[in-house]
Number of protein chains: 2
Amino acid sequence: MTITIYDVAREAKVSMATVSRVVNGNPNVKSATRDRVNEVIQRLNYRPNAVARGLASKKTTTVGVIIPDISNIYYSELARGLEDVAKMYKYQTIISNSDNDPVKEHEIFNNLLSKQVDGIIFLGGTLSGETLKLIESAPVPVVVSGTNDVNETLPAVNIDYYKASSEITERLVKQGLRRFAFVGGGYSAKALKDVQAGMKAVLKANDLTLSDHAIYIGDEQYRDGEKAFSHLKEQKPEAILCISDEQAIGIVHAAQDAGLQVPEDLQIISFNNTRLVQMVRPKLSSVMQPLYDIGAVGMRLLTKYMNDENIEEKNVVLPYKIDYRGTTR
Amino acid sequence: MTITIYDVAREAKVSMATVSRVVNGNPNVKSATRDRVNEVIQRLNYRPNAVARGLASKKTTTVGVIIPDISNIYYSELARGLEDVAKMYKYQTIISNSDNDPVKEHEIFNNLLSKQVDGIIFLGGTLSGETLKLIESAPVPVVVSGTNDVNETLPAVNIDYYKASSEITERLVKQGLRRFAFVGGGYSAKALKDVQAGMKAVLKANDLTLSDHAIYIGDEQYRDGEKAFSHLKEQKPEAILCISDEQAIGIVHAAQDAGLQVPEDLQIISFNNTRLVQMVRPKLSSVMQPLYDIGAVGMRLLTKYMNDENIEEKNVVLPYKIDYRGTTR
DNA sequence: GTGAAAGCGCTAACAC
DNA sequence: GTGTTAGCGCTTTCAC
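Residues numbered from 1 in each chain as written. Chains lettered and ligands numbered in written order. Predicted model: local features only at pLDDT ≥ 70, side-chain atom pairs only at ≥ 80, totals over all residues. Heavy atoms only, no water.

## Let's talk about the overall build of chain A
Right, on to step 1. For chain A, the count of helices and strands is twelve helices and twelve strands.
Right, on to step 2. The C-alpha radius of gyration computed for chain A amounts to 25 Å, which surpasses the reference 20 Å derived for 329 residues by more than 25%, pointing to a less compact arrangement than a globule.
Right, on to step 3. The burial tally for chain A puts 57% of its 329 residues in the buried class.
Right, on to step 4. Considering only contacts within chain A whose residues lie at least 6 apart along the sequence, 70% involve residues at least 24 apart.
Right, on to step 5. Working note: accessible area of chain A is about 14000 Å², and carbon and sulfur atoms make up 51% of it.
Right, on to step 6. For chain A, the distance from the average site of its 39 positive side-chain charges to the average site of its 40 negative ones is 7 Å. (Helix = DSSP H or I, 4+ residues; strand = E, 2+ residues; numbered from the N terminus. Rg over C-alpha atoms; globule rule 2.2 N^0.38 Å. Buried < 20%, exposed > 50% of the residue type's maximum accessible area, 1.4 Å probe, protein only. Contact = heavy atoms within 4.5 Å. Areas by Shrake-Rupley, 256 points an atom, 1.4 Å probe, with all protein chains shown as cover. Lys, Arg positive; Asp, Glu negative; His and termini not counted. Charge placed at Lys NZ, Arg CZ, Asp CG, Glu CD.)

## So, the relation of the copies chain A and chain B
Right, on to step 1. Of the transformation superimposing chain A on chain B, the axial component is 0.1 Å and the angular component is 180 degrees, with the fit at an RMSD of 0.1 Å. Expressed as an axis order, the relation between the two copies is that of a two-fold axis. Taking the C-alpha atom as reference, chain A places Ile94 of chain A closest to the rotation axis, 2.2 Å from it.
Right, on to step 2. The fraction of interface residues of chain A whose copies in chain B are also interface residues reaches 98%, indicating that both copies meet through the same surface. (Least-squares fit on C-alpha atoms with pLDDT ≥ 70 in both.)

## Looking at helix α12 (residues 291-306) of chain B
All names here are of chain B.
Right, on to step 1. Along its 16 residues, α12 runs 23 Å from first to last C-alpha, staying within 8% of the 22 Å computed at 1.5 Å per residue.
Right, on to step 2. Of all the residues in α12, the buried ones are Leu291, Ile294, Gly295, Ala296, Gly298, Met299, Leu301, Leu302, Thr303, Lys304 and Met306.
Right, on to step 3. Of the residues one or two after α12, Asp308 is the one with positive phi, at around 50 degrees. (Expected span 1.5 Å × (residues − 1).)

## Details of the protein's contact with DNA strand D
Right, on to step 1. Of all residues adjacent to DNA strand D, which total 27 residues, the nearest are Ile5, Ser20 and Tyr46 of chain A together with Arg21 and Thr33 of chain B.
Right, on to step 2. When the atoms of DNA strand D within 4 Å of the protein are sorted by group, sugar and phosphate make up 60%.
Right, on to step 3. Here a phosphate oxygen of DNA strand D and a side-chain polar atom of Ser20 of chain A are 2.6 Å apart.
Right, on to step 4. The biggest single contributor to the surface near DNA strand D is helix α4 (residues 50-57) of chain A, with four residues. (Near = heavy atom within 4 Å. Polar contact = N/O pair within 3.5 Å; in protein donor to acceptor, adjacent residues only side chain to side chain.)

## A word on the domain arrangement of chain A
Right, on to step 1. Each assigned domain of chain A is listed with its residue range as follows: domain 1 (5-48), domain 2 (60-158 + 291-319) and domain 3 (161-288).
Right, on to step 2. A separation of 36 Å is found between the C-alpha centroids of domain 1 of chain A and domain 2 of chain A. (Domains from an automatic or database assignment.)

## Structural notes on the environment of Glu238 of chain A
Residues and elements named next belong to chain A.
Right, on to step 1. Along the chain, the position of Glu238 falls in the loop between α10 (222-232) and β8 (239-242).
Right, on to step 2. For Glu238, a relative accessible area of 18% puts it in the buried group.
Right, on to step 3. Along the primary structure Glu238 and Ala189 are separated by 49 residues, whereas in three dimensions their C-alpha atoms are 25 Å apart.
Right, on to step 4. The contact partners of Glu238, leaving out residues within four places of it in the chain, are Leu177, Arg178, Arg179, Asp265, Leu266 and Gln267.
Right, on to step 5. Side-chain polar atoms of Glu238 contact the backbone nitrogen of Arg178, separated by 2.6 Å.

This is how it looks when you write it as structure tokens:
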């Protein structure tokens, strides 16, 4: 029925070992033999069985991707970068949504390992202690993109949230602003922590503070931005730093609906830099993270681990820019 | 090193067949034996090798997903629906971006089949003749979501674009509009064809026409919407029907920048209904496609094929609603 | 440069 | 209810 390496061998009058060599590009084959085998492969329309190969060679050329939510435009952009690089290196990607839920992450992890993936890439999200243990004890390399554990011990790729946040806060303080707020979500503990730390450091240096009342943590959705605004409005913030673009856009609209002028009365800047920032008016000011690259570089790093290449730097920090568009002065 | 079914069998003093039965939930095992085996599995932290299982059973519980571009918010929404259902039925998904390029599609197809996926789901996009052949000759079931071939012979899930388009056009004509335009993109031949057909039928019935000058086909991106507007503006359309939300938003902004009032001078309505429609002001009028469901139902259909369940209807048409928001009167 | 043969870890008859 | 055995389709020594 399905045609196997054995059929090809018989037709080409060689052993299966030779067919295997041809298929795998092993140079130790006389070119006449090679041609003959290739002709038969062509004629029989032979397609190597990757499952059998995986069992025999203990390599599946498959990598697992654990992603909070592929329908989130921020993560889907990472996923695209990562898949392109995977393809470049001949890997397929099994993608699974975790909703950043440690229980689901655990399940996915087990499924992936059971499928004998050659490596795993863990995207964004918060690293629970349990998940961290899973990663550390995994029999295959794991790279995290867009987050890291608190001790930054994992192979990871990120931008410097702390620095970006400091820069922004610095600028706003220089404009004379005094009341700041922060809005984040459950997805990205690292961004959450670093952005707040950056703000607080600069504010403190200027005898200002970020009170707990000026911090809102939600779910990073558009609707949640509206909630964030109504939660924060009594504080009368003059500027809000917000992790998620969707949330930020929700805040802009909620503020406008409440009669505020953006950016005159309230400045807003976000950190995710998805394509959304260009699609709203006023255009959203944001930290330009190289999303595609964060995914791509993460996968490249993973390929290095999988092929035992030399790793110069396991904690990659990618450059960012800050684009002050319409929602800041 | 890695622990196998054989190790478990030895430790539990049973045969590997019995371990296999326990692992696969076969009821023909005495519960005392089952408990003993499970205890050993637990203790040894045994994890079945899905690759070996796949080779032996000829089932991989893996499905392939061919998607034009996962970073496109429209497709990523489909992908999420599909993956959730796949997970529900214990399948993993290998996701690959095709950019709707027949050459890449061919490659992906071969990779997927080589990996012995149990089924393939083909998302959106245009079905080239070559790809159609690939699908028809595939050794595993294939379903398409969000598109179909011209003859509608494939297992597919869609909405009725023709009907939606007719309804919209009807309404606009009743308002007294006379100059219509259409904007589409290369991704979705079916939507492209059906929406135009729906428009044309209604226009014709009202002694109106959709001239070729009033049709713009681009790449469905935000920037492309701006191009579309400058291409169409000489026709002074009073209403534009547009497949993609991003494109439609680009048109809205371009029109506003050109001094037009939306919807007073120009009405715009789109068909993709991604979350974007809510995130712009004025809110974009659109056909509310059940994106998540199109993906989910597609995967459900595929599971039916893979498990030889009875198929009542292989060409599923899902309901839609039309939401007239801020960009129409 | 090529072939023979032994697995990879599991499932699926089949026998008992 | 449980064990034995023969593969699944390939890679990988090891000979020659």
